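Now for the letters of each chain:
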Amino acid sequence: MEKLEPMELVQKYTQLYHWAMDQFNNLPPSIEPTATGHIVEQIEMIKKIIADGYGYEANGSVYFDVVKYNDVYSKKNQPYGILSGRNLEEQLDTTRELENQEEKKNKVDFALWKKAPAEHIMRWQSPWGEGFPGWHIECSAMATKYLGKQFDIHGGGMDLQFPHHECEIAQSTVCNHEVPARYWMHNNMITINGRKMGKSYNNVIKLSELFSGNHPELTQAYAPMTVRFFILQSQYRGTLDFSNEALQAAEKALRRLMEAYEWLKAQSFVGEAKAKDEALDTQLNTWIAELTEFMDDDINTAKVVANIFEIIPVINSLKDKHITQDAVATSTWNHVQSQLVVFIESILGLKVEAGANLEQLKGVVELLIEIRKESKANKDFATSDKIRNQLMNMGIQLKDEKDGSMSYTFS
RNA sequence: GGUCCUGUGGCCGAGUGGCUAGGCAGAGCUCUGCAAAAGCUCCCACAGCGGUUCGAAUCCGCUCGGGACCUCCA
């Protein structure tokens, strides 16, 4: 382990986490409470649980009486294990032997407060002596303080469903007399080439390695937005498999999406034109309306992305003049434009990746484009091809547009 | 060992009883000095074996893969 003070360690990984979230264009939360900052609230909660008869002290530690809770709350249709579909009778037989079990009334009971052994660094005073909180009570205490006795959505990884979230439900229900969360959103795990990420498989990839491409499993670097888009292409409750092939596919798809989107966003549609192609007009409105439906369907971002890809060929057809603007009503174009801004930027959280020294680089590319135009005008294709091919090798792709202009993309 | 989840075309990934998901790759065409990009078209899959049903990727059973969890990491 690293030789750092405990809170120094916390600081270090908190900063790393903030960096990663920022890379992914995640909005920062309005509050990020810490367990160590809420010892008092946790102790108060434990006191209430004891007072209500669901907690008991044993040798300086406090445990939650799961069997009693299950007996009482099963009658209210809220048995212990309701989230993960487990029943307590099976648990009682299969739980493996662990140390200090003899302090508990039942093996399934979990700790609310633990007596600190002499060597334990983190320790606080409590009515039960020096110790530290059990591992589930912090979430219940902080959620109650900042979100109230009952709140709408509780998130977390699938791996936390049992026992962590089950214990939270039990504690909070006893303490607050209300079920804490109305909805639970458990996101599933990510696998690498079909295998879970784990030290034993030697396939752990850090985000910094993913973004730099500096890892044996990776054939190239992947931009944060590529990874974000890749994740959005699946529904969050399913497992997601990382592979170079899959990430490269996502990278290309995202580029196509963002190019069409950026073009559309820059257009201004005016006039009172009625749709010449009513079928297309209706279809566009349907696709846009469905975006909201799909988000309402348990955040089905995969379907949202699929619908956006239905719209992209229409945008590109307008761009390349395969269709004319009056094929669709002006109001529809404006609706598509404004809704895509909302869904792509605000809801999916996608943004154009900005490179360093972009302005200078753009200037250079503009200059080369000018030279290339001149050489093309002189039928000097050797020079024009040289410019295009050399730029391509550097990852800058030139495209001849229909109207004679040239555009470019960085990859 | 137990509980739960899962197995979709070359790759990723939606979809829970009948209707084209979508992306990437691949093939053809259009456009184009060439190329790329873009547009159009094609590629009709649901682990295997039984069963239910007029009809199943979707429901049930079994088999074989993959995964998560099984109380003091949170």
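Residues numbered from 1 in each chain as written. Chains lettered and ligands numbered in written order. Predicted model: local features only at pLDDT ≥ 70, side-chain atom pairs only at ≥ 80, totals over all residues. Heavy atoms only, no water.

Comments concerning the pairing of strand E6 (residues 181-187)
A regular strand carries its side chains on alternate faces of the sheet. Where strand E5 (residues 151-157) meets E6, six bridges bridge the pair, whose relative direction is parallel. Paired with glycine 157 across the strands is asparagine 187, a residue of E6. Where the polypeptide runs from E5 across helix H6 (residues 161-176) and back to E6, its parallel neighbour, the crossover connection is right-handed. (Pairing = 2+ DSSP bridges. Helix = DSSP H or I, 4+ residues; strand = E, 2+ residues; numbered from the N terminus. Right-handed = clockwise from strand over helix to strand, strands pointing away.)

Re the packing of helix H2 (residues 39-51) against helix H5 (residues 137-147)
When two helices pack together, their arrangement is given by the angle between the helix axes and the distance between those axes. It is the contact of H2 with H5, at a shortest axis distance of 9 Å, that shows an interaxial angle of 100°. The angle between H2 and H5 places the two elements in the roughly perpendicular class. Contacts between H2 and H5 involve Glu41, Gln42, Met45, Ile46 and Ile49 from the first element and Ile137, Glu138, Ser140, Ala141, Thr144 and Lys145 from the second. Looking at the contact of H2 with H5 residue by residue, the classes come out as five nonpolar, three polar and three charged. (Axes fitted to C-alpha atoms, helices over the stretch in contact; angles between N-to-C directions. Parallel < 35°, antiparallel > 145°, perpendicular 65-115°, else oblique. Contact = heavy atoms within 4.5 Å. Nonpolar A, V, L, I, M, F, W, Y, C, P; charged D, E, K, R; others polar.)

Thoughts on the pairing of strand E10 (residues 396-400)
Note that E10 and strand E11 (residues 406-410) share five bridges and pair antiparallel. Bridging from a neighbouring strand, lysine 399 pairs with serine 407 of E11. Hairpin connection from E10 to E11: five residues lie between these consecutive antiparallel strands, with glycine 404 at a positive phi of about 95°.

So, the pattern of salt bridges
Taken as a whole and judged by the stated rule, the model has 12 salt bridges. Across the pair glutamate 41 and lysine 145 runs a salt bridge, and its minimum N-O distance is 2.7 Å. Of this pair, glutamate 41 sits in helix H2 while lysine 145 is found in helix H5, placing the two residues 104 residues apart along the sequence. A salt bridge links lysine 105 to aspartate 65, with the shortest nitrogen-to-oxygen separation between them at 3.5 Å. (Salt bridge = Lys/Arg side-chain N within 4 Å of Asp/Glu carboxyl O.)

Topic: a nonpolar patch on the surface
Residues Tyr13, Leu16, Trp19 and Leu207 make up a contiguous nonpolar surface patch of about 360 Å² in total accessible area. Sort the elements by how many residues they give to the nonpolar patch and helix H1 (residues 6-23) lands first, with three residues. Of note, leucine 207 is situated in helix H7 (residues 207-212). (Patch = residues over 30% accessible without salt bridge, like charges linked within 9 Å, V, L, I, M, F, W, Y side chains within 5 Å. Areas by Shrake-Rupley, 256 points an atom, 1.4 Å probe, with all protein chains shown as cover.)

Details of the domain arrangement of chain A
According to the domain assignment, chain A consists of domain 1 (33-186), domain 2 (195-347) and domain 3 (358-410). Placing a centre on the C-alpha atoms of domain 1 and another on those of domain 2 gives a separation of 41 Å. (Domains from an automatic or database assignment.)

Description of the sheet that holds strand E9 (residues 240-242)
Pairing between the strands of a sheet comes from backbone hydrogen bonds, and it takes one of two forms, parallel or antiparallel. Strand order in the open sheet made by the three strands is E8-E7-E9, with mixed pairing throughout. Either end of the sheet is taken by a strand with one partner, and the two such strands are strand E8 (195-196) and E9. With three bridges joining them, strand E7 (residues 190-192) and E9 adopt parallel strand pairing. Directly across from threonine 191, in E9, lies its bridge partner aspartate 241.

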